[in-house]
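Residue-level listing of the chains:
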Amino acid sequence: MAEDKHPLHPESSEPIEEGSDPSHASRPLTRRDFLIRSNAGAVAVGVATGAGFAAGLAQRPAQASPATPPAAPAVPAMMRRVTLDIDGRKYEVTVDVRESLWETMNYQLGLSNCNLGCDRAQCGACTILVDGRAVNGCTVLTARHGRGQEILTVAGIASGPGPQGLHPLQRAFWLEGGFQCGICTRGFVMSAYALLQANKNPTNDEIKDALAGNICRCGEYPKILSAVKKAAAEMRGERVSYSAPLVSDDVRTSGGRVEGAVSRQFEFVTALGTIEQFDELSLELKQRPGIVEVSGSERTVTISWDPARLDEARVRQILAESGHPVKP
Ligand code: FES
Ligand code: FES
(Lines give C-alpha, C1' and ligand atoms only; values in the text may rest on other atoms or scores of the structure.)
(Ligands and ions follow the chains in the order given, each with its own letter.)
Protein backbone atom coordinates (compact mmCIF):
# COMPACT_ATOMS: atom_id res chain seq x y z
CA MET A 1 0.00 0.00 0.00
CA ALA A 2 1.22 3.48 -0.86
CA GLU A 3 1.02 4.67 2.75
CA ASP A 4 3.42 1.89 3.80
CA LYS A 5 6.21 3.21 1.61
CA HIS A 6 8.95 4.98 3.39
CA PRO A 7 9.69 8.59 2.47
CA LEU A 8 13.42 7.99 2.57
CA HIS A 9 13.35 5.56 -0.30
CA PRO A 10 13.58 6.69 -3.90
CA GLU A 11 11.38 3.87 -5.15
CA SER A 12 8.41 5.38 -3.33
CA SER A 13 5.44 5.82 -5.65
CA GLU A 14 4.23 8.90 -3.80
CA PRO A 15 3.42 11.78 -6.20
CA ILE A 16 6.06 14.52 -5.93
CA GLU A 17 5.21 18.17 -6.55
CA GLU A 18 7.46 20.05 -8.87
CA GLY A 19 10.06 22.06 -6.99
CA SER A 20 9.30 20.36 -3.70
CA ASP A 21 11.65 18.25 -1.62
CA PRO A 22 10.97 14.80 -3.09
CA SER A 23 11.74 13.02 0.16
CA HIS A 24 8.92 14.74 2.03
CA ALA A 25 6.27 15.39 -0.60
CA SER A 26 2.61 15.29 0.45
CA ARG A 27 3.19 13.70 3.87
CA PRO A 28 2.29 15.15 7.26
CA LEU A 29 5.35 16.26 9.21
CA THR A 30 6.34 13.51 11.64
CA ARG A 31 8.84 13.71 14.49
CA ARG A 32 11.32 11.72 12.42
CA ASP A 33 10.80 13.98 9.38
CA PHE A 34 11.44 16.98 11.59
CA LEU A 35 14.72 15.52 12.82
CA ILE A 36 15.72 14.61 9.31
CA ARG A 37 14.90 18.10 8.02
CA SER A 38 16.83 19.66 10.89
CA ASN A 39 19.76 17.50 9.99
CA ALA A 40 19.36 18.40 6.32
CA GLY A 41 19.32 22.08 7.34
CA ALA A 42 22.58 21.63 9.21
CA VAL A 43 24.07 19.92 6.20
CA ALA A 44 22.85 22.78 3.96
CA VAL A 45 24.52 25.32 6.25
CA GLY A 46 27.68 23.23 6.16
CA VAL A 47 27.50 23.03 2.39
CA ALA A 48 26.89 26.79 2.08
CA THR A 49 29.81 27.50 4.40
CA GLY A 50 31.91 25.09 2.42
CA ALA A 51 30.83 26.81 -0.81
CA GLY A 52 31.96 30.20 0.52
CA PHE A 53 35.24 28.69 1.54
CA ALA A 54 35.57 27.14 -1.92
CA ALA A 55 34.80 30.52 -3.54
CA GLY A 56 37.60 32.05 -1.48
CA LEU A 57 39.93 29.37 -2.66
CA ALA A 58 38.93 30.03 -6.25
CA GLN A 59 40.33 33.59 -5.97
CA ARG A 60 43.75 32.23 -5.07
CA PRO A 61 46.27 31.32 -7.75
CA ALA A 62 45.30 28.12 -9.51
CA GLN A 63 46.94 25.00 -8.14
CA ALA A 64 47.70 21.76 -9.87
CA SER A 65 44.63 19.49 -9.88
CA PRO A 66 44.90 15.73 -9.52
CA ALA A 67 45.36 13.90 -12.79
CA THR A 68 42.27 11.67 -12.33
CA PRO A 69 39.04 12.77 -10.69
CA PRO A 70 37.82 10.63 -7.78
CA ALA A 71 35.55 7.78 -8.75
CA ALA A 72 31.83 8.45 -8.40
CA PRO A 73 30.32 6.74 -5.34
CA ALA A 74 28.37 3.58 -6.05
CA VAL A 75 25.42 4.81 -3.97
CA PRO A 76 24.30 8.32 -3.04
CA ALA A 77 26.20 9.92 -0.19
CA MET A 78 23.34 9.47 2.30
CA MET A 79 22.76 5.82 1.40
CA ARG A 80 24.59 2.64 2.37
CA ARG A 81 24.55 -0.84 0.95
CA VAL A 82 24.43 -3.35 3.81
CA THR A 83 23.90 -7.05 4.37
CA LEU A 84 21.69 -7.72 7.34
CA ASP A 85 21.71 -11.04 9.17
CA ILE A 86 18.21 -11.35 10.60
CA ASP A 87 17.14 -14.58 12.27
CA GLY A 88 19.87 -16.46 10.42
CA ARG A 89 18.90 -15.17 6.97
CA LYS A 90 20.89 -12.65 4.91
CA TYR A 91 19.22 -9.60 3.36
CA GLU A 92 20.96 -7.19 0.93
CA VAL A 93 19.49 -3.71 1.23
CA THR A 94 20.35 -0.14 0.38
CA VAL A 95 19.36 2.11 3.24
CA ASP A 96 19.36 5.76 4.13
CA VAL A 97 21.96 6.39 6.83
CA ARG A 98 19.19 7.87 9.04
CA GLU A 99 16.96 4.81 8.81
CA SER A 100 16.23 2.71 11.90
CA LEU A 101 16.43 -1.06 11.95
CA TRP A 102 12.70 -1.19 12.66
CA GLU A 103 11.99 0.91 9.56
CA THR A 104 14.16 -1.27 7.35
CA MET A 105 12.65 -4.50 8.62
CA ASN A 106 9.09 -3.26 8.15
CA TYR A 107 9.23 -0.92 5.14
CA GLN A 108 11.92 -2.60 3.07
CA LEU A 109 11.88 -6.25 4.07
CA GLY A 110 8.24 -6.68 5.06
CA LEU A 111 9.25 -8.26 8.38
CA SER A 112 6.82 -7.47 11.19
CA ASN A 113 8.87 -9.26 13.83
CA CYS A 114 8.94 -6.42 16.32
CA ASN A 115 6.26 -3.92 17.25
CA LEU A 116 6.50 -0.17 17.28
CA GLY A 117 5.21 1.56 20.39
CA CYS A 118 6.72 4.96 21.13
CA ASP A 119 9.38 5.19 18.36
CA ARG A 120 11.63 7.04 20.79
CA ALA A 121 13.43 4.41 22.91
CA GLN A 122 11.05 4.59 25.84
CA CYS A 123 8.72 1.57 25.77
CA GLY A 124 10.78 -1.44 24.61
CA ALA A 125 8.03 -2.79 22.34
CA CYS A 126 10.54 -2.94 19.49
CA THR A 127 13.23 -4.86 21.42
CA ILE A 128 15.42 -7.13 19.35
CA LEU A 129 18.82 -8.68 20.00
CA VAL A 130 22.02 -7.63 18.25
CA ASP A 131 24.82 -10.08 18.96
CA GLY A 132 22.89 -11.21 22.03
CA ARG A 133 22.32 -7.73 23.44
CA ALA A 134 18.80 -6.32 23.76
CA VAL A 135 18.41 -3.04 21.84
CA ASN A 136 15.53 -0.86 20.71
CA GLY A 137 14.93 -1.52 17.02
CA CYS A 138 13.30 1.91 16.63
CA THR A 139 16.47 3.69 17.65
CA VAL A 140 19.47 1.79 16.27
CA LEU A 141 20.57 2.67 12.74
CA THR A 142 20.45 0.01 10.05
CA ALA A 143 23.54 1.36 8.32
CA ARG A 144 25.59 0.31 11.36
CA HIS A 145 24.26 -3.23 11.46
CA GLY A 146 25.38 -4.66 8.16
CA ARG A 147 28.84 -5.84 9.13
CA GLY A 148 28.09 -9.36 10.27
CA GLN A 149 26.13 -8.57 13.42
CA GLU A 150 23.56 -11.24 14.25
CA ILE A 151 20.10 -9.73 14.62
CA LEU A 152 17.56 -11.87 16.42
CA THR A 153 13.82 -11.20 16.57
CA VAL A 154 10.94 -13.01 18.23
CA ALA A 155 10.40 -14.94 14.99
CA GLY A 156 13.90 -16.39 15.21
CA ILE A 157 13.69 -18.07 18.61
CA ALA A 158 11.01 -20.65 17.77
CA SER A 159 12.36 -24.07 16.84
CA GLY A 160 9.53 -25.07 14.51
CA PRO A 161 5.94 -24.53 13.46
CA GLY A 162 2.91 -24.69 15.73
CA PRO A 163 2.63 -24.53 19.50
CA GLN A 164 5.17 -27.35 19.91
CA GLY A 165 7.78 -25.32 18.09
CA LEU A 166 7.43 -22.29 20.35
CA HIS A 167 10.34 -21.25 22.50
CA PRO A 168 9.64 -21.88 26.23
CA LEU A 169 9.36 -18.11 26.71
CA GLN A 170 6.77 -17.77 23.96
CA ARG A 171 4.82 -20.71 25.35
CA ALA A 172 4.98 -19.35 28.90
CA PHE A 173 3.72 -15.89 27.91
CA TRP A 174 0.87 -17.54 26.05
CA LEU A 175 -0.17 -20.12 28.65
CA GLU A 176 0.46 -17.87 31.63
CA GLY A 177 -1.54 -15.05 30.03
CA GLY A 178 1.33 -12.56 30.19
CA PHE A 179 -0.38 -10.17 27.81
CA GLN A 180 -3.60 -8.39 26.93
CA CYS A 181 -3.32 -6.26 23.78
CA GLY A 182 0.06 -7.79 22.94
CA ILE A 183 1.79 -4.60 21.77
CA CYS A 184 4.55 -5.02 24.33
CA THR A 185 4.83 -8.80 24.24
CA ARG A 186 7.50 -9.31 21.58
CA GLY A 187 9.71 -6.80 23.31
CA PHE A 188 9.26 -8.46 26.70
CA VAL A 189 9.97 -11.89 25.23
CA MET A 190 13.20 -10.68 23.65
CA SER A 191 14.43 -8.84 26.76
CA ALA A 192 13.67 -11.95 28.80
CA TYR A 193 15.45 -14.09 26.20
CA ALA A 194 18.59 -11.98 26.55
CA LEU A 195 18.38 -12.33 30.33
CA LEU A 196 17.96 -16.11 30.30
CA GLN A 197 20.94 -16.55 27.99
CA ALA A 198 23.11 -15.03 30.70
CA ASN A 199 21.25 -16.07 33.85
CA LYS A 200 19.44 -19.39 33.94
CA ASN A 201 17.88 -18.92 37.36
CA PRO A 202 17.11 -15.23 37.85
CA THR A 203 15.47 -13.90 40.98
CA ASN A 204 12.37 -11.72 40.81
CA ASP A 205 14.53 -8.63 41.26
CA GLU A 206 16.90 -9.70 38.49
CA ILE A 207 13.96 -10.26 36.12
CA LYS A 208 12.50 -6.86 36.99
CA ASP A 209 15.87 -5.27 36.43
CA ALA A 210 16.32 -6.94 33.03
CA LEU A 211 12.81 -5.92 31.94
CA ALA A 212 13.06 -2.37 33.28
CA GLY A 213 13.22 -0.95 29.75
CA ASN A 214 9.94 -2.58 28.74
CA ILE A 215 6.57 -1.04 29.51
CA CYS A 216 3.22 -2.84 29.49
CA ARG A 217 0.40 -0.34 29.31
CA CYS A 218 -2.09 -3.12 30.07
CA GLY A 219 -0.32 -3.71 33.38
CA GLU A 220 0.24 -7.47 33.04
CA TYR A 221 3.45 -7.34 35.06
CA PRO A 222 2.67 -10.12 37.58
CA LYS A 223 1.87 -12.60 34.81
CA ILE A 224 4.86 -11.47 32.76
CA LEU A 225 7.09 -12.10 35.77
CA SER A 226 5.48 -15.46 36.32
CA ALA A 227 5.88 -16.38 32.64
CA VAL A 228 9.61 -15.60 32.70
CA LYS A 229 10.11 -17.67 35.86
CA LYS A 230 8.28 -20.65 34.37
CA ALA A 231 10.17 -20.42 31.09
CA ALA A 232 13.45 -20.27 33.01
CA ALA A 233 12.44 -23.38 34.95
CA GLU A 234 11.53 -25.23 31.76
CA MET A 235 14.83 -24.22 30.16
CA ARG A 236 16.64 -25.64 33.21
CA GLY A 237 14.91 -28.95 32.54
CA GLU A 238 12.39 -28.69 35.36
CA ARG A 239 8.81 -29.82 34.98
CA VAL A 240 6.52 -26.86 34.58
CA SER A 241 2.76 -26.73 34.77
CA TYR A 242 0.43 -23.89 33.94
CA SER A 243 -2.89 -22.88 35.46
CA ALA A 244 -5.13 -25.24 33.51
CA PRO A 245 -3.14 -28.45 34.05
CA LEU A 246 -2.85 -27.62 37.76
CA VAL A 247 -6.59 -28.22 38.08
CA SER A 248 -7.38 -31.85 38.84
CA ASP A 249 -9.89 -33.91 36.88
CA ASP A 250 -12.79 -33.18 39.20
CA VAL A 251 -12.33 -29.42 38.76
CA ARG A 252 -13.37 -28.37 35.28
CA THR A 253 -12.85 -24.96 33.70
CA SER A 254 -15.68 -23.39 31.76
CA GLY A 255 -15.59 -19.96 30.15
CA GLY A 256 -12.73 -18.90 32.42
CA ARG A 257 -14.60 -20.02 35.59
CA VAL A 258 -13.27 -22.89 37.62
CA GLU A 259 -16.07 -25.27 38.49
CA GLY A 260 -15.70 -27.36 41.61
CA ALA A 261 -13.01 -25.13 43.13
CA VAL A 262 -13.49 -23.81 46.65
CA SER A 263 -13.12 -20.06 47.06
CA ARG A 264 -12.76 -17.98 50.21
CA GLN A 265 -11.73 -14.48 51.17
CA PHE A 266 -9.20 -14.04 54.01
CA GLU A 267 -8.13 -10.86 55.81
CA PHE A 268 -4.42 -10.33 56.45
CA VAL A 269 -3.34 -9.99 60.06
CA THR A 270 -1.12 -7.14 58.91
CA ALA A 271 -2.14 -5.25 55.78
CA LEU A 272 0.39 -5.16 52.95
CA GLY A 273 2.24 -1.91 52.30
CA THR A 274 1.48 -1.60 48.57
CA ILE A 275 -0.56 -3.31 45.85
CA GLU A 276 2.75 -4.27 44.20
CA GLN A 277 3.46 -6.36 47.30
CA PHE A 278 0.16 -8.12 46.73
CA ASP A 279 1.11 -8.83 43.11
CA GLU A 280 4.29 -10.54 44.27
CA LEU A 281 2.40 -12.58 46.87
CA SER A 282 -0.19 -13.55 44.27
CA LEU A 283 2.57 -14.74 41.97
CA GLU A 284 4.11 -16.84 44.73
CA LEU A 285 0.78 -18.39 45.74
CA LYS A 286 -0.07 -19.36 42.18
CA GLN A 287 3.05 -21.49 42.04
CA ARG A 288 1.62 -23.71 44.80
CA PRO A 289 -0.01 -26.91 43.50
CA GLY A 290 -3.75 -26.88 44.12
CA ILE A 291 -4.21 -23.10 44.14
CA VAL A 292 -6.06 -22.16 40.97
CA GLU A 293 -6.80 -18.45 41.39
CA VAL A 294 -5.71 -15.56 43.59
CA SER A 295 -7.10 -12.03 43.76
CA GLY A 296 -7.38 -9.32 46.38
CA SER A 297 -5.91 -6.11 47.71
CA GLU A 298 -3.54 -4.85 50.40
CA ARG A 299 -6.04 -5.92 53.11
CA THR A 300 -7.64 -9.14 51.82
CA VAL A 301 -6.87 -12.09 49.61
CA THR A 302 -9.39 -14.35 47.88
CA ILE A 303 -8.08 -17.79 47.04
CA SER A 304 -9.67 -20.52 44.94
CA TRP A 305 -8.26 -23.99 45.43
CA ASP A 306 -8.75 -27.50 44.23
CA PRO A 307 -10.47 -29.38 47.11
CA ALA A 308 -8.93 -32.64 45.92
CA ARG A 309 -5.51 -31.27 46.85
CA LEU A 310 -6.00 -28.69 49.57
CA ASP A 311 -8.30 -27.76 52.40
CA GLU A 312 -8.76 -24.44 54.19
CA ALA A 313 -6.31 -25.28 56.96
CA ARG A 314 -3.58 -26.02 54.42
CA VAL A 315 -4.37 -22.78 52.51
CA ARG A 316 -4.02 -20.81 55.77
CA GLN A 317 -0.76 -22.59 56.44
CA ILE A 318 0.52 -21.65 52.92
CA LEU A 319 -0.35 -18.01 53.60
CA ALA A 320 1.48 -18.10 56.92
CA GLU A 321 4.51 -19.70 55.24
CA SER A 322 4.54 -16.86 52.73
CA GLY A 323 4.91 -14.39 55.60
CA HIS A 324 1.32 -13.14 55.44
CA PRO A 325 -0.85 -14.95 58.01
CA VAL A 326 -4.59 -14.29 57.88
CA LYS A 327 -7.16 -13.70 60.60
CA PRO A 328 -9.26 -16.67 61.82
S1 FES B 1 9.00 1.61 19.95
FE2 FES B 1 11.09 1.42 20.32
S3 FES B 1 11.28 1.80 22.44
FE4 FES B 1 9.17 2.19 22.03
S1 FES C 1 -0.20 -6.38 26.83
FE2 FES C 1 -0.92 -4.43 26.21
S3 FES C 1 0.81 -3.19 26.52
FE4 FES C 1 1.41 -5.05 27.38
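Criteria and thresholds
- Residues numbered from 1 in each chain as written.
- Chains lettered and ligands numbered in written order.
- Predicted model: local features only at pLDDT ≥ 70, side-chain atom pairs only at ≥ 80, totals over all residues.
- Helix = DSSP H or I, 4+ residues; strand = E, 2+ residues; numbered from the N terminus.
- Buried ≥ 20, exposed ≤ 12 C-beta atoms within 10 Å, placed from the backbone.
- Pairing = 2+ DSSP bridges.
- Axes fitted to C-alpha atoms, helices over the stretch in contact; angles between N-to-C directions.
- Contact = placed C-beta atoms within 7 Å.
- Core = buried A, V, L, I, M, F, W, Y, C linked by C-beta atoms within 7 Å.
- Domains from an automatic or database assignment.
- pLDDT = per-residue confidence, 0-100.
- Parallel < 35°, antiparallel > 145°, perpendicular 65-115°, else oblique.
- Left-handed = near helix turned anticlockwise from the far one by under 90°.
- Nonpolar A, V, L, I, M, F, W, Y, C, P; charged D, E, K, R; others polar.

## Observations concerning the overall build of the chain
Part 1: Secondary structure assignment for the chain yields 9 helices and 10 strands.
Part 2: Looking at the chain as a whole, 29% of its 328 residues are labelled buried.

## Some details on the sheet that holds strand β1 (residues 79–86)
Part 1: As summarised here, the arrangement of the 5 strands in space is β2-β1-β5-β3-β4, forming an open sheet in which the pairing is mixed. Looking at which strands have only one partner, the edges of the open sheet turn out to be β2 (89–96) and β4 (133–136). Averaged over all pairs of adjacent strands, the angle between strand axes in this sheet comes to 40°, irrespective of strand direction.
Part 2: Note that strand β3 (residues 127–130) and β4 share 4 bridges and pair antiparallel. Along β4, the bridge assignment pairs Ile128 with Val135.
Part 3: The strands touched by helix α4 (residues 185–198) within the sheet are β3 and β4, with β3 carrying the most contacts at an inclination of about 35°.

## Observations concerning the nonpolar core
When a protein is soluble and globular, its nonpolar side chains tend to lie buried together.
Part 1: Of all hydrophobic cores here, the largest spans 39 residues; its most connected members are Ile128, Val189, Ala192 and Val228.
Part 2: Counting contributing residues, this core receives three or more from each of domain 2 (79–153) and domain 3 (163–240).
Part 3: Those residues in contact with Ile128 that sit more than four places away from it in its chain are Cys114, Val135, Gly137, Ile151, Leu152, Thr153 and Met190.
Part 4: In this structure, Ala261, Leu285, Val301 and Ile303 belong to the second largest nonpolar core, which totals 12 residues.

## Side note on unusual backbone geometry
Part 1: At Asp87, a position not held by glycine, the phi torsion is positive, near 50°.
Part 2: Here Asp87 lies in the loop between β1 and β2.
Part 3: The exposure class of Asp87 is partly exposed, given the 16 C-beta atoms found within 10 Å.

## Some thoughts on the sheet that holds strand β8 (residues 262–267)
Part 1: On the basis of which strands lie adjacent, the open sheet formed by 3 strands has the order β8-β10-β9 and antiparallel pairing. In the strand order of this sheet, the two ends are held by β8 and β9 (291–296), each with one partner. Averaged over all adjacent pairs, the angle separating strand axes in this sheet is 20°, with direction ignored.
Part 2: In terms of strand pairing, β9 meets strand β10 (residues 300–305) through 5 bridges, oriented antiparallel. For Ser295, the partnering residue across the bridge sits in β10 and is Thr302.
Part 3: Where helix α8 (residues 275–286) meets the sheet, its contacts fall on β9 and β10, and the angle it forms with β9 comes to roughly 170°.

## Focus: the pairing of β3
Part 1: The antiparallel pairing of β3 with β4 creates a hairpin that spans 2 residues between the two strands, and Asp131 there sits at a positive phi of about 50°.
Part 2: Of the strand pairs in this sheet, β3 and strand β5 (residues 147–152) are connected by 2 bridges, and their pairing is antiparallel. Counterpart to Val130 in the pairing with β5 is Ile151.

## What about the confidence of the model for the chain?
Part 1: Within the chain, residue pLDDT values average 79, and 74% of them lie at 70 or more.
Part 2: Segment residues 38–62: pLDDT under 50, and 1 contact once partners within four positions in sequence are set aside and those in other chains are kept.

## A closer look at helix α2 (residues 101–108)
Part 1: Buried residues dominate α2, accounting for 7 of its 8 residues.
Part 2: Within α2 the residues assigned to the buried category are Leu101, Trp102, Glu103, Thr104, Met105, Asn106 and Gln108.
Part 3: Next to the buried residues of α2 lie β1 and β2.
Part 4: Trailing α2 by a residue or two, Gly110 shows a phi angle of about 70°, which is positive.

## So, the environment of Thr153
Part 1: Relative to the elements of secondary structure, Thr153 occurs in the loop between β5 and α3 (168–176).
Part 2: Setting aside its immediate chain neighbours within four residues, Thr153 contacts Ile86, Asp87, Asn113, Cys114 and Ile128.

## A short note on the packing of α4 against helix α6 (residues 221–235)
Part 1: Contact geometry for α4 and α6: axes closest at 11 Å, N-to-C directions at 40°. It follows from the interaxial angle that α4 and α6 lie oblique. Crossing of α4 against α6: the hand is right-handed. Judged by residue contacts, Phe188, Ala192 and Leu196 of α4 engage Ile224, Val228, Ala231, Ala232 and Met235 from α6.

## A closer look at the packing of α6 against α8
Part 1: With their axes 10 Å apart at the nearest point, α6 and α8 run at an angle of 40° to one another. With respect to α8, the axis of α6 lies oblique. The handedness of the crossing between α6 and α8 comes out as right-handed. Here α6 contributes Tyr221, Pro222, Leu225 and Ser226 to the contact with α8, which in turn contributes Asp279, Ser282, Leu283 and Lys286.
Part 2: Here the contact of α6 with α8 is built from residues that sort into 4 nonpolar, 2 polar and 2 charged.

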